[in-house]
Amino acid sequence: MTHELKTGGDRGYLRIATEEAFATREQVDVYLRMIRDGTADKGMVSLWGFYGTSPSERATQILDRLLDLGERRIADMDATGIDVAILALTSPGVQPYLDVEEAKAIASRANDQLAAACAKYPTRFVGMTTVAPQDPEWSAKEILRGARELGFKGCQINSHTQGEYLDDPKFDPIFRALVEVDQPLYIHPCTSPDSMIGPMLEAGLDGAVFGFGVETGMHLLRLITIGIFDKYPTLQIMVGHMGEALPYWLYRLDYMHQAGVRSQRYDRMKPLKKTIAEYMKSNVLVTNSGVAWEPAVKFAQEVLGEDRVMYAMDYPYQYEAKEVQDMDAMAMSDATKLKFFQTNAERWFKL
Ligand code: 1DF
Ligand code: MN
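If you're wondering where the values come from, they're calculated on a predicted model, not measured in any experiment.

Draft legend 1. The sheet that holds strand β4 (residues 129-130), seen in detail. Ordered in space as β4-β5-β6-β7-β8-β9, the six strands form an open sheet in which the pairing is parallel. Edge positions in the open sheet fall to β4 and β9 (309-310), since each of these has one partner strand only. With two bridges joining them, strand β8 (residues 284-287) and β9 adopt parallel strand pairing. If you follow valine 286 over to β9, its bridge partner there is valine 309.

Dropping the structure here:
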C-alpha cells in the first residue's frame, strides 16, 4: 500500500529533511580545474570527475538539481512531501582548494547565496554555514556571521580537510565558535584522502557506497577519543547515514577503547570522562540520510535514544519518493515518528 505524499502535516508531522545539498557553479568549476591541472586528489577525480563531467542521467540530473535553489527544488520537495530542507554546500565544499583566499571567497559567496534563498523561501529552506577549515580563525568568524547575520542554524564540514582531521588543535577556533553560538556541527562525508583511498578506489568502494562512511565514522571517533566532549560538554555533532554505522559498532568500540586506555597502548588514547556509548547518547545526533531502512532506524533509536535520530533525504543524491513512503509506513508510535520527522530537528537545530 502506498500513499500520496503531501506537505503540510497530513500525517501528523512535518517532514524536515536534514542533509540536503546544493552547489554553486563556481564551486564545481574549481573542482574541474583541479582535475584538469592535476592538483585534485584521487577522491575528487573519482567523485567530481563523475558528477562534473559524466553524460550519464544520474550525474546530469544531480548536477542540475544541486545548482537550483529555487522553484525546481521546491517542486521536488512538494512532490515528495518534504516540508523543510536543511541545506548545506555539497561535499567537499571548498575544503580541497589549495588557494585559501579563493576557498574563503567562494565559501562566503555560497553562504550569501544560500542566505538569499532562505530569505526567499523562509518556510521551506534552512541553512547551514559552510567554512574553509584551511583558515580556522576565518572559519570561526564565518560561523558567527552565519549564525548572527545570515540566520543559519548549524555548520557543515565535509570531513577531512586535505588529509587533516578536526581533532588537530589548530581547528580549535571552529569548536569555540560553535559553542559560542550554541549550534551543531554536521560532519558530512567526503572521499578519503589519498593516504587511505587506495584499496577502496581500486574496488569502486570509495564513494557513498562505503568509503564515505568508513572515513567519516573514523573522523567522529577521532574527535570522541581525543576528548572533544570533555572539553566542550555542550557541543552537539551530527552525522548522517545512520551514524556512519557507529551505533552498530558501539559495543566493540567501548570494549576495545577501554582495553587500549587501561593498557596505555597509545599515547594519544587518554582516559575520558565517559564511555563512547555515553558520548553518543549525550553529544551525537544521527540522521538516516541514505538509509531508508526501518530496522536500522529502530536500532539507532534503541541504542542512542529516540530523541537523537532524525530524518534526512540526502537530496539530490537520493531523491526517492518511495523511501519517504517507506519511512512514513514504519511500524512505530505516532509520538516517535513525530520526533523522527519533525521535532528532533526543531529541537537540535533550534528552528
Ligand atoms: C553522494 C552521496 C555524493 C552523498 C554526496 O556529495 C553526498 C554520492 C557529493 O552518491 O556520490 O552527500 N551522501 O551524503 O550520501
Ligand atoms: Mn549527503
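That shown, we press on.
Draft legend 2. Spatial organisation of the pattern of salt bridges. With the rule as written, the count across this model stands at 23 salt bridges. Taking the shortest distance from any N to any O, the salt bridge between glutamate 164 and lysine 170 comes out at 2.5 Å. Since its relative accessible area comes to 33%, glutamate 164 is described here as partly exposed. Connected through salt bridges with shared partners, the residues Glu306, Asp307, Lys339 and Arg347 form a single ionic network.

Draft legend 3. Highlighting a nonpolar patch on the surface. A grouping of Leu205, Val209, Phe210 and Val214 is seen on the molecular surface, where their side chains present a nonpolar patch of about 340 Å² in accessible area. Taking the relative accessible area as the measure of exposure, phenylalanine 210 reaches 46% and is therefore partly exposed.

Draft legend 4. The arrangement of the site of ligand 1 in detail. Lining the immediate environment of ligand 1, one finds Glu19, Leu47, Tyr51, Arg58, Thr90, Ser91, His188, Ala208, Phe212, His241, Asp314 and Tyr317. Histidine 188 has a polar side-chain atom sitting 2.7 Å from an oxygen atom of ligand 1. Measuring from an oxygen atom of ligand 1, one finds a side-chain N or O atom of histidine 241 at 3.0 Å. Classifying every residue of the shell around ligand 1 gives five nonpolar, four polar and three charged.

Calculation rules
Residues numbered from 1 in each chain as written. Chains lettered and ligands numbered in written order. Predicted model: local features only at pLDDT ≥ 70, side-chain atom pairs only at ≥ 80, totals over all residues. Heavy atoms only, no water. Pairing = 2+ DSSP bridges. Helix = DSSP H or I, 4+ residues; strand = E, 2+ residues; numbered from the N terminus. Salt bridge = Lys/Arg side-chain N within 4 Å of Asp/Glu carboxyl O. Buried < 20%, exposed > 50% of the residue type's maximum accessible area, 1.4 Å probe, protein only. Patch = residues over 30% accessible without salt bridge, like charges linked within 9 Å, V, L, I, M, F, W, Y side chains within 5 Å. Areas by Shrake-Rupley, 256 points an atom, 1.4 Å probe, with all protein chains shown as cover. Near = heavy atom within 4 Å. Polar contact = N/O pair within 3.5 Å; in protein donor to acceptor, adjacent residues only side chain to side chain. Nonpolar A, V, L, I, M, F, W, Y, C, P; charged D, E, K, R; others polar.

Note that every value here comes from positions in space, so none of it alone points to a role or purpose.
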